[in-house]
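Per-entry structural report
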Amino acid sequence: MSVVDRSHHAALMDRNYRFQRHVYDLTRKYYLLGRDPMIARLGVPDGGTVLELGCGTGRNLILAGRRYPKARLFGLDISAAMLETAAANLAKEGIADRTRLARGDATAFDAADLFGMEKFDRVFISYALSMIPGWEGAIAAALRALSPAGSLHIVDFGQQQRLPGWFRSALRAWLAKYHVTPRATLDAELYRQATEDGRPLRFDRLYRDYAHLAVVGSSSGV
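Analysis parameters
- Counting from 1, residues in each chain are numbered in the order their sequence is written.
- Owing to the predicted nature of the model, reporting of local features is limited to residues with pLDDT of at least 70; listing and counting of side-chain atom pairs is limited to 80 or more, with chain, interface and lining totals taken over all residues.
- Only hydrogens and water are removed before side-chain values are computed, so all heavy atoms of the structure are retained for them.
- Summary of the burial criterion: residues with accessible area below 20% of their type's maximum are buried, those above 50% are exposed, and those between are partly exposed, where the area comes from a 1.4 Å probe applied to protein chains only.
- Numbering of helices and strands runs from the N terminus, with a helix taken as a DSSP run of H or I at least four residues long and a strand as a DSSP run of E at least two residues long.
- Strands were regarded as paired on the criterion that DSSP finds at least two bridges between them.
- Convention used here: a crossover is right-handed provided that the path from the first strand, over the helix, to the second strand proceeds clockwise when the strands point away from the viewer.
- Axis lines are fitted to C-alpha atoms, over the contacting stretch for helices. Their N-to-C directions set the angle, which ranges from 0 to 180 degrees.
- Every residue pair with non-hydrogen atoms within 4.5 Å of one another is taken to be in contact.
- What makes a nonpolar core is a set of buried Ala, Val, Leu, Ile, Met, Phe, Trp, Tyr and Cys residues whose side-chain atoms join them at distances within 4.5 Å.
- Salt bridge, as used here: a side-chain nitrogen of Lys or Arg that lies within 4 Å of a carboxyl oxygen of Asp or Glu.
- Handedness of each helix crossing follows the sense of rotation of the near helix against the far helix: counterclockwise by less than a right angle gives left-handed, clockwise gives right-handed.
- Throughout, the ten residues Ala, Val, Leu, Ile, Met, Phe, Trp, Tyr, Cys and Pro are labelled nonpolar, Asp, Glu, Lys and Arg are labelled charged, and all others, Gly among them, are labelled polar.

A closer look at the pairing of strand 5 (residues 146-157)
- Counting buried residues in strand 5 gives 10 out of 12 residues, a clear majority hidden from the surface.
- Across six bridges, the pairing between strand 4 (residues 120-126) and strand 5 is parallel. Its bridge partner being in strand 5, V123 is matched across the sheet by L152.
- Each parallel crossover has a hand, and the one from strand 4 via helix 7 (residues 135-144) to strand 5 is right-handed.

Structural data, given as structure tokens:
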């Protein structure tokens, strides 16, 4: 994205979540399916580093912190409003001392500048690619931030091909109101980039293709 596009997207996300962030986790738990299985698959080594792109309210970082108590956690988000909520939630959880948050664009960020380190053992993206313009760039940026033995974990909306047509249509119309677009070519794009990066890919379709769960690279949790 250009600088203008990034500024526009950041402003849009802040408008969307200025008030929603206060009830975001309560409402999203009913339809952002597959997040907990993704976190269970991370298999973070003791003392390992975990980066979430599009960390939102910090909900996933908190769960990762509970499951991997020796991990160091990092979160990136383009919305200042969401980061404010995430910082408060992480402090309340008592893990702010091993967590670092930064504002940035998931498609073009400098991990060394933002976090003081270039590579991470685990990178994950939860229901954010469907909201990111130029989402393919976010996958590429995530892979660049990944250590050679690390893994990238992604969960997002599927195409709902095995669900009733009325459900698929209603879901798509509702998601569009929040600028969310399920990525029809996610599997092909992940295969292309994983192959170019020399990493294996595992791609699963969950809940009758409601959601997609993918791992690029390998981890002990897979």
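Structural notes on the sheet that holds strand 7 (residues 211-217)
- The mixed open sheet is built from seven strands, whose spatial order is 3-2-1-4-5-7-6. Of all the strands in the sheet, just strand 3 (99-103) and strand 6 (201-206) have a single pairing partner and so form its edges. Ignoring which end each strand starts from, the neighbouring axes of this sheet average 15° apart.
- Note that strand 1 (residues 49-53) and strand 4 share four bridges and pair parallel. Bridge pairing in strand 4 links L53 to I125.
- Running at roughly 150° to strand 5, helix 7 makes contact with strand 1, strand 4, strand 5 and strand 7 of the sheet.

Concerning the pairing of strand 3
- Across five bridges, strand 2 (residues 72-77) lies against strand 3 in parallel orientation. Bridging across to strand 3, G75 finds its partner in L101.

What about the nonpolar core?
- Core analysis: the largest hydrophobic core is formed by 32 residues, its most contacted members being L51, L53, F115, F120, I139 and L152.
- Looking at this core, the elements that each hand over two or more residues are strand 1, strand 2, helix 6 (111-115), strand 4, helix 7, strand 5, helix 9 (186-196) and strand 7.
- The leading source of residues in this core is helix 7, at six residues.
- Listed in part, the 29 residues of the second largest apolar core include C55, L83, M131 and L171.

Notes on the pattern of salt bridges
- Enumeration over the complete set of coordinates arrives at nine salt bridges.
- A salt bridge links R202 to D204; the shortest N-O distance between them is 3.1 Å.
- Since its relative accessible area comes to 36%, R202 is described here as partly exposed.
- Linking D209 and R205 is a salt bridge whose minimum nitrogen-to-oxygen distance equals 3.8 Å.
- Classification of R205 as partly exposed rests on a relative accessible area of 47%.
- Here the salt bridges share partners, and the residues they tie into one network are R41, R202 and D204.

Section: the packing of helix 7 against helix 9
- For the pair helix 7 and helix 9, interaxial distance at closest approach is 11 Å and the crossing angle is 35°. Once helix 7 is placed against helix 9, the crossing between them reads as right-handed. Together, W135, E136, I139, A140 and L143 of helix 7 and L186, E189, L190 and Q193 of helix 9 make up the contact between the two elements.
- Within the contact of helix 7 with helix 9, the residues separate by chemical class into six nonpolar, one polar and two charged.

Comments concerning unusual backbone geometry
- Positive phi, close to 50°, is recorded for Y127, a residue that is not glycine.
- With respect to the helices and strands, the residue Y127 is situated in the loop between strand 4 and helix 7.
- The exposure class assigned to Y127 is buried, which follows from its relative accessible area of 5%.
- The backbone of Q160 shows a phi angle near 55°, a positive value even though the residue is not glycine.
- With respect to the element layout, Q160 can be found in the loop between strand 5 and helix 8 (165-176).
- Accessibility expressed as a relative area gives 0% for Q160, which makes it buried.

With respect to the side chain of Q193
- Along the chain, the position of Q193 falls in helix 9.
- A relative accessible area of 8% means that Q193 is categorised as buried.
- In contact with Q193, other than residues within four places in its own chain, are E136, I139, A140 and L143.

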